[in-house]
Amino acid sequence: MRIWFWLKNSRLFSLPMTILSWLVIFVYSINGNITNGIAALFGIACIHLATNLFDDYVDYKTLTDDCQQCKCAYIKEGKATINDVLRVVIIYFAIGSVIGLFLFLRCGFPVIWLALIGAFIALSYAKLSERGLSEVAVGTAFGPLFFEGVHFVMKGYFSFSVFILSIAVVMFTIGLMYTHTVLDYEGDKASGKKTLVCRLASKEQAINGVYVVYGLGFLFTAIFAYLTKNYLMFSTFILIPLIIDLHKNLKTFECGGEVKEFYFRLLKARNLMVYYSLITTVCLIIKS
């Protein structure tokens, strides 16, 4: 049960964005080394959960009364100490490191460089977020680094088409992170965080930013479709009404309200990423 406690507080609900991002590039690279691809998934998942938990470790020290009720609730309620959090983060990183070593022995030194960049982003994510660079960090880690890394350990080389695909998919992952910071707008403002949404002139502008994020996702989807002649990718555009619905729900959200209202909107953004990844995967399977 203690394992479930830590998985839940590591925001296990966000793991589908890792698994589904992996599924997209795994299918794209399916005629490569499958064992390496599966190992990469477990390593990346551990680093993802470690990053979520380490974010709590850093944030707990600067919490204000304006933050969401659910933020670091398990620490505030005495169910775990801040040192417990750090220990679990170390365990996650240790498991990820063992998997990284396995892939290094099978694929060579590029794995080391990819792992070092990933570790740097994971450990510095909280600080990058405070400086308005969380979207850049997520975009790099879950975009080119993730996709090119999995493709490399499976196929043995890097690819420009994979780079474009990674940006298309990661914009929907960034959409989830961006939505989270919009929902945390008042609390982050009060604690002095300089997130991207806090740097905008108003919360209304921040909410309108979801159209920019997802719009870029569709733009790179179109570029990838053109490069690979896979015009089935345009079927992802059926998700546009869901983006409009997310925008409408963000406008009606009041910070500090019921926890279920917070997650109701956050899960809408998560589901957008899920649907986009599944549609993309199907398009890649049909094309292949």
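What you see is a predicted model; the values in this text were computed from it and never measured. (Residues numbered from 1 in each chain as written. Predicted model: local features only at pLDDT ≥ 70, side-chain atom pairs only at ≥ 80, totals over all residues. Heavy atoms only, no water.)

Novice: Sorry if this is basic, but what is going on with the overall build of the chain here?
Specialist: Looking only at helices and strands, the chain features 13 helices and 0 strands. Reading the helices (α) and strands (β) of the chain from amino to carboxyl end gives α-α-α-α-α-α-α-α-α-α-α-α-α. Counting the 288 residues in the chain, one finds 53% classified as buried. Once local pairs closer than 6 in sequence are excluded, the contacts in the chain between residues at least 24 apart make up 76%. Of the roughly 13200 Å² of accessible surface on the chain, 68% is carried by carbon and sulfur atoms. (Helix = DSSP H or I, 4+ residues; strand = E, 2+ residues; numbered from the N terminus. Buried < 20%, exposed > 50% of the residue type's maximum accessible area, 1.4 Å probe, protein only. Contact = heavy atoms within 4.5 Å. Areas by Shrake-Rupley, 256 points an atom, 1.4 Å probe, with all protein chains shown as cover.)

Novice: So what exactly am I meant to see when it comes to the pattern of salt bridges here?
Specialist: Opposite charge on two side chains makes pairing possible when the charged atoms of those side chains draw close. Following the criterion strictly, the structure yields 2 salt bridges and no others. The partner of R87 in a salt bridge is D84, and the shortest N-O contact between them spans 2.4 Å. Of the two residues, R87 and D84 are both situated in helix 5 (residues 82-107); the distance of 3 residues between them amounts to about one turn of the helix. On the accessibility criterion, R87 (48% relative accessible area) is partly exposed. You can call D84 buried: its relative accessible area is 19%. Residues D245 and K268 are paired through a salt bridge, measuring 2.7 Å at the closest nitrogen-oxygen approach. With D245 in helix 12 (residues 240-251) and K268 in helix 13 (residues 259-287), this residue pair connects regions lying 23 residues apart in the sequence. Residue classification places K268 among the partly exposed positions, given a relative accessible area of 23%. (Salt bridge = Lys/Arg side-chain N within 4 Å of Asp/Glu carboxyl O.)

Novice: So what exactly am I meant to see when it comes to the side chain of N230 here?
Specialist: Within the fold, N230 resides in the loop between helix 11 (203-228) and helix 12. Apart from residues no more than four positions distant in its own chain, N230 is found in contact with A225, C283, L284 and K287.

Novice: What am I meant to see in helix 12 here?
Specialist: Since the α-helix packs 3.6 residues into each turn, any two residues three or four apart lie on the same face. An ideal rise of 1.5 Å per residue puts 16 Å on 12 residues; helix 12 measures up with 17 Å between its terminal C-alpha atoms. Those residues of helix 12 that are buried lie in contact with helix 8 (160-183), helix 11 and helix 13. (Expected span 1.5 Å × (residues − 1).)

Novice: Help me understand helix 7 (residues 134-155), please; the structure alone is not making it clear to me.
Specialist: In this model helix 7 runs 30 Å from its N-terminal to its C-terminal C-alpha over 22 residues, within 8% of the 32 Å that 1.5 Å per residue would give. The largest bend along helix 7 reaches roughly 35 degrees and is located at F146. When you tally the buried positions in helix 7, you get 17 out of 22 residues, the bulk of the element. Immediately beyond the C-terminal end of helix 7, within one or two residues, lies G156, with a positive phi of roughly 90 degrees. (Bend = angle between axes of the 7 residues up to and from the residue.)

Novice: So what exactly am I meant to see when it comes to the nonpolar core here?
Specialist: Inside soluble globular proteins, nonpolar side chains tend to come together where they are buried. F147, V153 and Y214 are the most contacted members of the largest nonpolar core, which totals 68 residues. At 15 residues, helix 8 tops the list of elements feeding residues into this core. Here F147 is in contact with S21, V24, I25, F142, V162, L165, S166 and V169, once residues within four sequence places are set aside. W6, L15, V85 and V88 belong to the second largest nonpolar core, which has 19 residues in total. (Core = buried A, V, L, I, M, F, W, Y, C linked by side-chain atoms within 4.5 Å.)

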